[in-house]
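What the coordinates show
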Amino acid sequence: MAEILFDLATEILKSMGSLAAEERRSSSNLVRDWIKRLKKVFFEADDLLDDVATEVKHRKLFNKVDVIAKDKASLNLVERRQQPLLPEPYSVQLNLDRETYSFVPDGEVIGRSDDKNKIVNFLLDSKVEENVVVISNVGLGGLGKTTLAQCVFSDEIIKKNFDKALWVCVSDVFEVKMIAEKIAESGGGKKDNYPQLDAVQNELRKMLDGKKYFLVLDDVWNEDPLKWSRLKNMLISGAKGSKILLTTRSDVVVKVSGSVHKHKLGDLSEEEA
Ligand SMILES: Nc1ncnc2c1ncn2[C@@H]1O[C@H](COP(=O)(O)OP(=O)(O)OP(=O)(O)O)[C@@H](O)[C@H]1O
Ligand SMILES: [Mg+2]
């Protein structure tokens, strides 16, 4: 089939070449017009041949896919559902393995009282100018940043000093609307997904307006300052003294989030470890 198509295409090209020469040579308008129409038909035939050739390629490809599919059946492979990059609707199903919560972990928490006191002191510091400030708890993976944030979050002193305490696990997708929805949900707002960013923004404003709140953003990776400023714009309605504590592995995140204080988490001592 491929050879026949190739021969036909070659014939057409040759004919078109001699027709072009004839068209240039001829002084008769009638002949030139006839040659023009003939060339048009040849062009259409050429296009048609291209289509047929593509069809032949498709068939060959489908045959290859069929063979691969048959081979797969003989390997007894089990299909697993892939997690979508952004599930519809956005939900905490994303990164289930990294999802965290605000409760103190079951086991005993060892040797972090100094770290905890330092962070609590910054959280209760009333000298800061801005209404809402960010502080960061930064350190290597697995050092205990989330654990420490959980200890801080659950301390009675936080309940006494803030009107609202909110916990959101961010993880690797920093989708502003999704985070805003999680914050709203954590603060007792409607659980469903808001149709528009505007709607969730209004919900947050209503919820945080004039309230001194404490928000933990756990496991943050976003290094895009624009996304940070969009999120922060939604959170500025809190009362003076409101604080955001984020946990992250990245110093860049500390910078772009505009953290006013960085708490660098160190290793536990050998005894504690
Ligand atoms: N001070 C501690 N005492 C006892 N167990 C701890 C302590 N700190 C952390 N762990 C345990 O170590 C593990 C890792 O801690 P955690 O999840 O807090 O680390 P992380 O710094 O948040 O890690 P990642 O960067 O991956 O988020 C958990 O199982 C946690 O319970
Ligand atoms: Mg963590």
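Under the annotation held in an unreviewed UniProt entry, the protein carries the name Disease resistance protein RGA3 and is attributed to Capsicum annuum. Quoted verbatim from the Sequence similarities (unreviewed entry) heading of the UniProt record, the comment on the protein is "Belongs to the disease resistance NB-LRR family."

A few words on the overall build of the protein. When its secondary structure is counted, the protein shows nine helices and five strands. In the protein, which comprises 273 residues, the share counted as buried stands at 36%. Here the contacts in the protein between residues at least 6 apart in sequence split such that 78% fall between residues at least 24 apart. Accessible surface for the protein amounts to roughly 17400 Å². Of this, 54% is attributable to carbon and sulfur atoms.

So, about the sheet that holds strand S2 (residues 164-171). Strand order in this open sheet of five strands is S2-S3-S4-S1-S5, and the pairing throughout is parallel. In this open sheet, the two edge strands, each paired with only one partner strand, are S2 and strand S5 (261-264). Geometrically, the sheet is characterised by an average inter-axis angle of 20 degrees between neighbouring strands, direction not taken into account. Note: S2 against strand S3 (residues 213-220), seven bridges, orientation parallel. Paired with tryptophan 167 across the strands is valine 216, a residue of S3. Its contacts with the sheet place helix H4 (residues 145-154) against strand S1 (132-138), S2, S3, strand S4 (242-248) and S5, and it is angled at close to 165 degrees to S2. Sheet strands in contact with helix H8 (residues 225-235) are S1, S3 and S4, and its direction is about 160 degrees off that of S3.

What surrounds ligand 1 is a group of 14 residues, the closest being Ile110, Lys145, Thr146, Thr147 and Arg249. A distance of 2.8 Å is found between an oxygen atom of ligand 1 and a side-chain nitrogen or oxygen belonging to threonine 146. In this structure, arginine 249 approaches ligand 1 through a side-chain N or O atom, which is 2.7 Å from an oxygen atom. When ligand 1 is considered free in solution it has 630 Å² of accessible area, and contact with the protein chains removes 69% of it. Here the residues of the shell around ligand 1 are counted per class, giving four nonpolar, five polar and five charged.

Turning to a negative patch on the surface, a few remarks are in order. Judged by side-chain charge, Glu44, Asp47, Asp50 and Asp51 come together as a negatively charged surface patch. With respect to the secondary-structure elements, aspartate 50 resides in helix H2 (residues 29-75).

Turning our eyes to something else, we now look at the environment of asparagine 137. Within the fold, asparagine 137 resides in strand S1. Expressed as a C-alpha distance, the spacing of asparagine 137 and threonine 248, which sit 111 residues apart in the sequence, is 6.5 Å. In this structure, asparagine 137 is in contact with Ile119, Lys145, Leu148, Ala149, Leu245, Leu246, Thr247, Thr248, His263 and Leu265, ignoring residues within four places of it in sequence.

Positive phi, close to 65 degrees, is recorded for aspartate 219, a residue that is not glycine. Note on aspartate 219: relative accessible area 7%, which makes it buried.

Below, the discussion takes up the pairing of S5. Each regular strand carries side chains that alternate between the two faces of the sheet. Because side chains alternate across S5, one face comprises the buried residues His261 and His263, and the other comprises Lys262 and Lys264, none of which is buried. As paired strands, S1 and S5 are joined by four bridges and run parallel to one another. What sits directly across from valine 138, in S5, is lysine 264.

The N-to-C vectors of helix H6 (residues 176-186) and H8 enclose an angle of 30 degrees; their axes lie 10 Å apart at closest approach. Considering their axes alone, H6 and H8 lie roughly parallel with respect to each other. Once H6 is placed against H8, the crossing between them reads as right-handed. Between H6, through Val176, Ile179, Ala180 and Ile183, and H8, the contact on the second element is made entirely by Lys227, Arg230, Leu231, Met234 and Leu235. Here the residues of the contact of H6 with H8 are counted per class, giving seven nonpolar, no polar and two charged.

Within the fold, serine 259 resides in the loop between helix H9 (251-256) and S5. A distance of 2.5 Å separates polar atoms of two side chains, one belonging to serine 259 and the other to serine 136. Excluding its chain neighbours within four sequence positions, the residues that come into contact with serine 259 are Val134, Ile135, Ser136 and Val254.

The rules behind these values
Residues numbered from 1 in each chain as written. Chains lettered and ligands numbered in written order. Predicted model: local features only at pLDDT ≥ 70, side-chain atom pairs only at ≥ 80, totals over all residues. Heavy atoms only, no water. UniProt positions renumbered as here; feature names shortened; annotations may be inferred. Helix = DSSP H or I, 4+ residues; strand = E, 2+ residues; numbered from the N terminus. Buried < 20%, exposed > 50% of the residue type's maximum accessible area, 1.4 Å probe, protein only. Contact = heavy atoms within 4.5 Å. Areas by Shrake-Rupley, 256 points an atom, 1.4 Å probe, with all protein chains shown as cover. Pairing = 2+ DSSP bridges. Axes fitted to C-alpha atoms, helices over the stretch in contact; angles between N-to-C directions. Near = heavy atom within 4 Å. Polar contact = N/O pair within 3.5 Å; in protein donor to acceptor, adjacent residues only side chain to side chain. Nonpolar A, V, L, I, M, F, W, Y, C, P; charged D, E, K, R; others polar. Patch = residues over 30% accessible without salt bridge, like charges linked within 9 Å, V, L, I, M, F, W, Y side chains within 5 Å. Salt bridge = Lys/Arg side-chain N within 4 Å of Asp/Glu carboxyl O. Lys, Arg positive; Asp, Glu negative; His and termini not counted. Charge placed at Lys NZ, Arg CZ, Asp CG, Glu CD. Parallel < 35°, antiparallel > 145°, perpendicular 65-115°, else oblique. Left-handed = near helix turned anticlockwise from the far one by under 90°.

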